[in-house]
Amino acid sequence: MKLTHINSQGRARMVDVSEKKNTDRIAVAFGRICMKKETLEKIQNQEIKKGDVLGVAQVAAIMAAKRTFETIPMCHPIPLTGADVDFQPVTEGIEIRMTVRTTGKTGVEMEALNGVSAAALTIYDMCKSIDRAMRIENICLLEKDGGRSGHFVREI
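We now turn to the structure provided with this report.

Definitions and cut-offs
Residues numbered from 1 in each chain as written. Predicted model: local features only at pLDDT ≥ 70, side-chain atom pairs only at ≥ 80, totals over all residues. Heavy atoms only, no water. Axes fitted to C-alpha atoms, helices over the stretch in contact; angles between N-to-C directions. Helix = DSSP H or I, 4+ residues; strand = E, 2+ residues; numbered from the N terminus. Left-handed = near helix turned anticlockwise from the far one by under 90°. Contact = heavy atoms within 4.5 Å. Nonpolar A, V, L, I, M, F, W, Y, C, P; charged D, E, K, R; others polar. Buried < 20%, exposed > 50% of the residue type's maximum accessible area, 1.4 Å probe, protein only. Polar contact = N/O pair within 3.5 Å; in protein donor to acceptor, adjacent residues only side chain to side chain. Patch = residues over 30% accessible without salt bridge, like charges linked within 9 Å, V, L, I, M, F, W, Y side chains within 5 Å. Areas by Shrake-Rupley, 256 points an atom, 1.4 Å probe, with all protein chains shown as cover. Salt bridge = Lys/Arg side-chain N within 4 Å of Asp/Glu carboxyl O.

Here's the deal with the packing of helix H2 (residues 53–66) against helix H3 (residues 109–127)
Helix-helix packing is described using two parameters, namely the angle between the two axes and the distance between the axes.
Part 1: The geometry of H2 relative to H3 is characterised by a closest axis approach of 7 Å and an angle of 145 degrees between their N-to-C directions. Where H2 crosses over H3, the two elements pack in a sense that is right-handed. Here Val-53, Leu-54, Val-56, Ala-57, Ala-60, Ala-61, Ala-64 and Ala-65 of H2 come into contact with H3, specifically with Glu-111, Asn-114, Gly-115, Ala-118, Ala-119, Thr-122, Ile-123, Met-126 and Cys-127.
Part 2: A breakdown of the residues in the contact of H2 with H3 according to their chemical character gives 13 nonpolar, 3 polar and 1 charged.

Points about the side chain of Thr-68
Part 1: Within the secondary structure, Thr-68 is located in the loop between H2 and strand S2 (82–90).
Part 2: Residue Thr-68 is classed as buried on the basis of its relative accessible area, which comes to 0%.
Part 3: Separated by 3.1 Å, the side chains of Thr-68 and Asn-114 make a polar contact.
Part 4: Beyond its immediate sequence surroundings of up to four residues, Thr-68 is in contact with Cys-75, Met-110, Glu-111 and Asn-114.

A look at a nonpolar patch on the surface
Part 1: Residues Leu-121, Ile-136 and Ile-139 make up a contiguous nonpolar surface patch of roughly 240 Å² in combined accessible area.
Part 2: Along the chain, Leu-121 turns up in helix H3.
Part 3: Residue Leu-121 is classed as exposed on the basis of its relative accessible area, which comes to 52%.

Brief notes about unusual backbone geometry
Part 1: Here Gln-46, not a glycine, exhibits a phi torsion of approximately 55 degrees, which is positive.
Part 2: Among the structural elements, Gln-46 can be located in the loop between helix H1 (37–44) and H2.
Part 3: Even without a glycine there, the phi angle at Asn-138 is positive, about 60 degrees.

Quick look at the environment of Val-28
Part 1: For Val-28, the position within the fold is in strand S1 (residues 23–34).
Part 2: In this structure Val-28 comes out as buried when scored by relative accessible area, which is 8%.
Part 3: A sequence separation of 121 residues divides Val-28 from Ser-149, and the C-alpha atoms of the two residues are 16 Å apart.
Part 4: With sequence-adjacent residues up to four places away left out, Val-28 is seen in contact with Arg-97, Met-98, Thr-99, Ala-112, Cys-140, Leu-141, Leu-142 and Glu-143.

Focus: the pattern of salt bridges
Part 1: For the structure shown, the criterion picks out 8 salt bridges.
Part 2: The shortest N-O distance in the salt bridge between Glu-95 and Arg-32 comes to 3.0 Å. Here the residue Glu-95 occupies a position in strand S3 (residues 93–104), and Arg-32 occupies one in strand S1, the gap between them amounting to 63 residues. Both residues of the pair, Glu-95 and Arg-32, belong to the buried class.
Part 3: A salt bridge links Glu-41 to Lys-37, with the nearest nitrogen and oxygen atoms 4.0 Å apart. Taken as a pair, Glu-41 and Lys-37 lie in helix H1 at a separation of 4 residues, close to a single helical turn.
Part 4: Look at Glu-41 and you get partly exposed, because its relative accessible area is 36%.
Part 5: Residue Lys-37 is classed as exposed on the basis of its relative accessible area, which comes to 58%.

Written out as structure tokens, the structure reads:
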């Protein structure tokens, strides 16, 4: 078995994608941050002392998606053509869904996953003074399309 991210000396390398064709690509990632009912209410009522939690988390998600290559060693820098985040309050906390798009030679799964992670961590950071028991869970890829591997959809 040939390992794609290992060079002839057995060391890590970034895969060369220069021969791949540019295609439209999309990835959708999901995650949830569980919290006390009171914490969720304070977020919804803009009563968190650090400010607009979901507004800041939205910007954090987009920034993280754009800079994924700086923290995930084998990721290529990818010019994103779109990035959006949706926050859905649920009984146990907030569900986060991020959609990332590009036209390029490699997919944006890691960018979407990194964005969801950053959003959840930002919510935790902004609310930890009132709820240290918050829990981040179920971060996963929901959908990806474009490229050789085709279309993938996960049901949650």
